[in-house]
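As a plain string of letters, each chain reads:
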Amino acid sequence: MAKNTSSSAFRKIDVDQYNEDNFREDDGVDSAAAGPDESEITTLLTQGKSVEALLSALQNAPLRCKNQNVKDHALNITLRVLLSIKSTQMDQAIDTVDQNDLIDVLMKYIYRGFEIPSEGSSGHLLQWHEKAFAKGGVGCIVRVLSDTNRA
C-alpha cells in the first residue's frame, strides 16, 4: 500500500524555470573576457619572442565575450603579432600552436584578418592560412566557419 499520499512537497518545485522561453545565457565574466594583455605582448615582441607572443594572444582570445570593442582590440593585437612573424618562423609557430590545440583559434583570427585587409597583410595571412591548413586540415576550416563564437 501507499505510504503517505497527502504529501504535497513535490508541488513546491518551479517547473517553469526549465522552460526554453525563460532561458538566458550566462552573463558571467570569463577569464578571457579582457582579451590578451597588450603590454605583455609588446614586451615579448620587442624581446624577439614572437612565437610566445602569438601563443599568449591566442590563449587569451576573448571568444565568448559579447563586447565587440574587446574583440576588435584583441584582433588588432593578434594581427600585429601575426604580421611581425617572418615566413621562416611560421613553421615553428604553427608547431607550437598545434601542440597547444589553438589551430582553430588561429584560423579564426586569420579569417578575421581577411575581413579588414591592410597593405601587405593579405599575402602574409595567406601564408599563415596555408600553414594552418596543412596542420589542421579541412576540419579546422569547417569548425571555424560553423562556430558561433567569432574571434
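Thresholds applied
Residues numbered from 1 in each chain as written. Predicted model: local features only at pLDDT ≥ 70, side-chain atom pairs only at ≥ 80, totals over all residues. Heavy atoms only, no water. UniProt positions renumbered as here; feature names shortened; annotations may be inferred. Helix = DSSP H or I, 4+ residues; strand = E, 2+ residues; numbered from the N terminus. Buried < 20%, exposed > 50% of the residue type's maximum accessible area, 1.4 Å probe, protein only. Contact = heavy atoms within 4.5 Å. Areas by Shrake-Rupley, 256 points an atom, 1.4 Å probe, with all protein chains shown as cover. Salt bridge = Lys/Arg side-chain N within 4 Å of Asp/Glu carboxyl O. Core = buried A, V, L, I, M, F, W, Y, C linked by side-chain atoms within 4.5 Å. Expected span 1.5 Å × (residues − 1). Polar contact = N/O pair within 3.5 Å; in protein donor to acceptor, adjacent residues only side chain to side chain.

An unreviewed UniProt entry annotates the protein as Actin-related protein 2/3 complex subunit 5 originating from Drosophila kikkawai. Comment text from UniProt for the protein, heading Function (unreviewed entry), reads "Functions as component of the Arp2/3 complex which is involved in regulation of actin polymerization and together with an activating nucleation-promoting factor (NPF) mediates the formation of branched actin networks. Arp2/3 complex plays a critical role in the control of cell morphogenesis via the modulation of cell polarity development."

Chemist: Just to check I follow, could you spell out the overall build of the protein for this structure?
Modeler: Scanning the protein for helices and strands turns up six helices and zero strands. Ordered by position from N to C terminus, the α and β elements of the protein give α-α-α-α-α-α. Split into buried and exposed, the 151 residues of the protein put 35% on the buried side. For the protein, long-range pairs separated by at least 24 residues make up 76% of all intrachain contacts whose partners lie at least 6 apart in sequence. Working note: accessible area of the protein is about 9,900 Å², and carbon and sulfur atoms make up 48% of it.

Chemist: How do you make sense of the pattern of salt bridges when you look at a structure like this?
Modeler: A side chain of one charge can pair with a side chain of the opposite charge when the charged atoms of the two come close. Following the criterion strictly, the structure yields eight salt bridges and no others. For the salt bridge of Arg80 with Glu38, the shortest nitrogen-to-oxygen distance reads 3.7 Å. Note that Arg80 is positioned in helix 3 (residues 68-84) and Glu38 in helix 1 (residues 38-46), a separation of 42 residues in sequence. Among the salt bridges present, the one from Arg143 reaches Asp104, with a minimum N-O distance of 2.7 Å. Here the residue Arg143 occupies a position in helix 6 (residues 121-146), and Asp104 occupies one in helix 5 (residues 103-115), the gap between them amounting to 39 residues. Salt bridges sharing partners connect three or more residues here, namely Asp72, Arg112, Glu115 and Arg150.

Chemist: Explain the nonpolar core here, please?
Modeler: When a protein is soluble and globular, its nonpolar side chains tend to lie buried together. Within the largest apolar cluster, 35 residues are counted, with the highest numbers of intra-cluster contacts made by Leu54, Leu58, Leu106, Tyr109 and Trp128. Broken down by secondary-structure element, the contributors of at least two residues to this core are helix 1, helix 2 (50-59), helix 3, helix 4 (90-99), helix 5 and helix 6. Not counting residues up to four positions away in its chain, the partners in contact with Leu58 are Thr78, Val97, Leu102, Val105, Leu106 and Tyr109.

Chemist: Any chance you could explain helix 3 here in plain terms?
Modeler: Count 3.6 residues to each turn of an α-helix, and residues three or four apart come out pointing the same way. Its 17 residues place the ends of helix 3 24 Å apart at the C-alpha level, agreeing with the 24 Å of an ideal helix rising 1.5 Å per residue. Along helix 3, the residues that are buried comprise Val70, Lys71, Ala74, Leu75, Ile77, Thr78, Leu79, Val81 and Leu82. Sitting at the amino-terminal end of helix 3 is Asn67, which places a side-chain oxygen 3.1 Å from the backbone nitrogen of Asn69.

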